[in-house]
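Descriptive structure summary
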Amino acid sequence: MTITVRYTCPHCDAVVSLERPPDLADRSVTMTRQAGWKYARQDAPFAEREAADGIAFVCGENVSVTDRDGNPTDGCGRPFYLNFVRFERGVELEPDPPTYGGPRFDFRS
């Protein structure tokens, strides 16, 4: 079973729709890749997309896009990235750089 999920381009507010499983593990949509993460193309086969660390979109390329009201639009052609929640040995990994909470400072004595 799948559901249609809509993602908004952070550059131009165009909306891309994808068929995804109902048990989503989405973390964020960003303008840049997360270092070391493997992204599947937006038009990759379903199993390949879901096995990756996220999905790389190019706004308006290979999929139809709409505005927020559902009217067809061209999109801006710029890349953006859907980042999934990742785990290593049962521990959730933080994105690097973090995608929320502003700057992060690590002070060591």
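For the structure itself, consult the block above.
Residues numbered from 1 in each chain as written. Predicted model: local features only at pLDDT ≥ 70, side-chain atom pairs only at ≥ 80, totals over all residues. Heavy atoms only, no water.

1. Description of the overall build of the protein chain
Convention followed: Runs of E in the DSSP output that reach at least two residues are strands. Runs of H or I that reach at least four are helices, and both are numbered from the N terminus. Each residue is assigned to one of three classes by its accessible area relative to the maximum for its type, calculated with a 1.4 Å probe on protein chains only: buried under 20%, partly exposed between the two thresholds, exposed over 50%. Residue contacts follow a heavy-atom distance rule, with two residues in contact if any of their heavy atoms lie within 4.5 Å.
Summing up its helical and strand segments, the protein chain has one helix and ten strands in all. When the elements of the protein chain are put in sequence order from the N terminus, they spell out β-β-β-β-α-β-β-β-β-β-β. Each of the 109 residues in the protein chain was classed as buried or not, and the buried ones make up 31%. In the protein chain, once contacts between residues fewer than 6 apart in sequence are set aside, the share between residues at least 24 apart is 52%.

2. Details of the sheet that holds strand β4 (residues 39-41)
The strands making up a sheet associate through backbone hydrogen bonding, with each pair oriented either parallel or antiparallel. Formally: Strand pairing requires that DSSP identify at least two bridges connecting the strands. Between N-to-C directions, angles span 0 to 180 degrees; the directions come from axes that are lines fitted to C-alpha atoms, helices contributing only their stretch in contact.
The four strands are arranged β3-β8-β5-β4 in an open sheet whose pairing can be described as mixed. Edge positions in the open sheet fall to β3 (26-30) and β4, since each of these has one partner strand only. Taking the axes of each pair of neighbouring strands and ignoring which way they run, one obtains an average angle of 25° across the sheet. Taken together, the four bridges between β3 and strand β8 (residues 79-84) define a ladder with antiparallel strand orientation.

3. Observations concerning the nonpolar core
Nonpolar side chains tend to gather and get buried jointly when the protein is soluble and globular. Stated precisely, the cut-off is as follows: Residues belong to one nonpolar core when they are buried, are Ala, Val, Leu, Ile, Met, Phe, Trp, Tyr or Cys, and are joined through side-chain atoms within 4.5 Å.
Within the largest apolar cluster, 13 residues are counted, with the highest numbers of intra-cluster contacts made by Tyr7, Val16, Ile55, Phe57, Cys59, Phe80 and Leu82. Those elements giving two or more residues to this core turn out to be β1 (3-8), β2 (15-20), β5 (54-58) and β8. In terms of residues, this core owes the most to one element, β8, which gives three residues. Aside from chain neighbours lying at most four places away, what touches Tyr7 is Ala14, Val15, Val16, Arg20, Asp26, Val29, Phe57 and Leu82.

4. Side note on the side chain of Asn83
Heads up, the rule is: Here a polar contact is taken to be a pair of N or O atoms separated by no more than 3.5 Å, where protein atoms must pair a possible hydrogen donor with a possible acceptor and residues adjacent in sequence count only if both atoms sit in side chains.
The topology assignment puts Asn83 in strand β8. For Asn83, a relative accessible area of 0% gives the class buried. A polar atom in the side chain of Asn83 sits 3.1 Å from the side chain of Thr30. Those residues in contact with Asn83, other than ones at most four positions away along the chain, are Asp26, Arg27, Ser28, Thr30, Gln34, Trp37, Tyr39, Asp53 and Gly54.

5. Some words on the pairing of β2
Regular strands show a simple pattern: their side chains alternate between the two faces of the sheet. Relative to β2, β1 runs antiparallel, the two being bridged by six bridges. Counterpart to Thr4 in the pairing with β2 is Glu19. Counting the residues between successive antiparallel strands, the hairpin from β1 to β2 contains six residues, one of them, Asp13, with a positive phi of roughly 70°. In this structure, β2 lies alongside strand β6 (residues 65-66), joined through two bridges in antiparallel fashion. Within β6, the residue paired with Val15 across the bridge is Thr66.

6. Quick notes on the sheet that holds β1
Taken in spatial order, the four strands line up as β1-β2-β6-β7 in an open sheet, and their pairing is antiparallel. Each of the sheet's edge strands pairs with one partner strand only, and the pair in question is β1 and β7 (72-73). Bridge count between β6 and β7: two bridges; the pairing is antiparallel. Looking at β7, one finds that Thr66 is bridged to Pro72.

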